[in-house]
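Structural description and commentary
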Amino acid sequence: MQFGSIQLDLDRVHVMGVLNVTPDSFSDGGRFATLDNALMQAESMFQSGATFIDVGGESTRPGAKEVSLQEEMDRVLPVVEALSETQEVVISVDSSSPQLLHEASKIGMGLINDVRALQREGALEVASETQLPICLMHMQGSPQCMQENPNYKNAIDDISTFFEERIQACIGAGISKDKLILDPGFGFGKTLTHNLMLLKQLTVFERFDLPLLVGLSRKSMLGQITGKEVAERLAASLSSSVIAAMNGARIIRVHDVEETVDALKVVQAMLDV
Ligand code: 7PJ
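Residues numbered from 1 in each chain as written. Predicted model: local features only at pLDDT ≥ 70, side-chain atom pairs only at ≥ 80, totals over all residues. Heavy atoms only, no water.

What about the pairing of strand E10 (residues 251-254)?
A regular strand places its side chains on the two faces of the sheet in alternate fashion. Across the two faces of E10 the burial is the same, with Ile251 and Arg253 and Ile252 and Val254 all buried. Sheet topology note: the strand E3 (residues 14-20)/E10 ladder contains four bridges and is parallel. The residue of E10 that forms the bridge with Val15 is Ile252. Here strand E9 (residues 213-215) pairs with E10 via three bridges, running parallel. (Buried < 20%, exposed > 50% of the residue type's maximum accessible area, 1.4 Å probe, protein only. Helix = DSSP H or I, 4+ residues; strand = E, 2+ residues; numbered from the N terminus. Pairing = 2+ DSSP bridges.)

Digging into the layout of surface pockets
Counted as a void, the second largest pocket has a volume near 220 Å³. Lining the second largest pocket are Asp9, Leu10, Asp11, Glu206, Asp209, Leu210, Pro211, Leu212, Gly248 and Arg250. Class assignment of the residues belonging to the lining of the second largest pocket gives a composition of four nonpolar, one polar and five charged. (1 Å grid on protein atoms, 1.4 Å probe; cavity = no way out; pocket = protein on both sides within 12 Å on 5 of 7 lines; lining within 4 Å. Points joined across faces, edges and corners; volume = space filled by probe spheres on them. Nonpolar A, V, L, I, M, F, W, Y, C, P; charged D, E, K, R; others polar.)

So, the pairing of strand E5 (residues 90-94)
Along E5, five of the five residues are buried, which leaves the element largely enclosed by surrounding structure. Here E5 shows a buried face lined by Val90, Ser92 and Asp94 and a second buried face lined by Ile91 and Val93. Direction of pairing for strand E4 (residues 52-56) relative to E5: parallel, over a ladder of five bridges. Bridge assignment links Asp54 to a residue of E5, and that residue is Ser92. Following the chain from E4 across helix H2 (residues 69-86) to the adjacent parallel E5, one finds a crossover that is right-handed. With three bridges joining them, E5 and strand E6 (residues 111-114) adopt parallel strand pairing. Directly across from Ser92, in E6, lies its bridge partner Leu111. In terms of handedness, the path from E5 via helix H3 (residues 98-105) over to E6 forms a crossover that is right-handed. (Right-handed = clockwise from strand over helix to strand, strands pointing away.)

Structure representation (C-alpha cells):
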C-alpha cells in the first residue's frame, strides 16, 4: 500500500508507534506535549523500528473531555510538519476532524487514522480528496460514554456490519477499497469479554480482504486481566500484540516500540518459514 511517498508491504507485520500530543493523555501523562519532546520520542520510535508514527491530539480515553478543533490543530500540525521534514516514516494522524485532516494532508500525513471511521460531517469528502489510505475503526458510542454499557447482539456480526456500511460509504465517496484498513477498536465500547472474543476470532475479519490494524497497548482490558497499572502492562501488551499478529493483524499500534518490534520479529520469522 502506498502511504504518500512511502510504499509498505502489508503482508508483513508493522509496528505503529503512538505519539500522544495531548496534555491529559492516558498513559504517558502528557509528557510529550511539547514539540521537541514529541520529535525526540518519534525519532526514538523510528530508530527502534516503527514504520508508522501515529500522531494524536484528541484524548479518546474513556470519559475524556472533548477538545476544540483549534486546540487539536495546534497540537498536531506542528508535529506532522516537523516529522515529515526529518523522518522516513509514515505519519499517521489519529483524528476525526475534517479540517485537521485536510491541513495535515498538505504537510506530509501518510495515513488517516479515524476512530470515528469518517462519520463526522465532511470527513468522507476530505478523506477522498487526499487520496491517502484510511484506517476505519469501530467504536460503539463516543469516548465520553462508550464504556458505560457496551452492548451487542453479537459483537463480531455487529462490527462486521459496521465495516460493510463504512466500506460502502467510502466507495460511494470515491475512495477505492484498496485504500482501506480495518480496526475492530479494542476498548472502544467493549467489555473485557468482547475484547477477548475479538482477539480470539480476529481472523473472521480476513473476509473483507483488507489489512487489519489493532491497538491493545496498555489498554484497560490488560489491566483487568493482570491487575496491573498502566505503567506495568508491558508484558501483557507484548502478549496481546503477538496474539493479534498471529491472528492476522498487520499493523500493531503500541507505546513500547522497541520491545514490540523484537516480539513481532519472532512472529514474522515464523510466518516466513
Ligand atoms: C486506537 C486508536 C486503536 C486505532 C487509540 C489508546 C486509546 N486508533 N487510537 N486503534 N486507540 N486505529 O491508545 O489507549 O485501538 S487512543
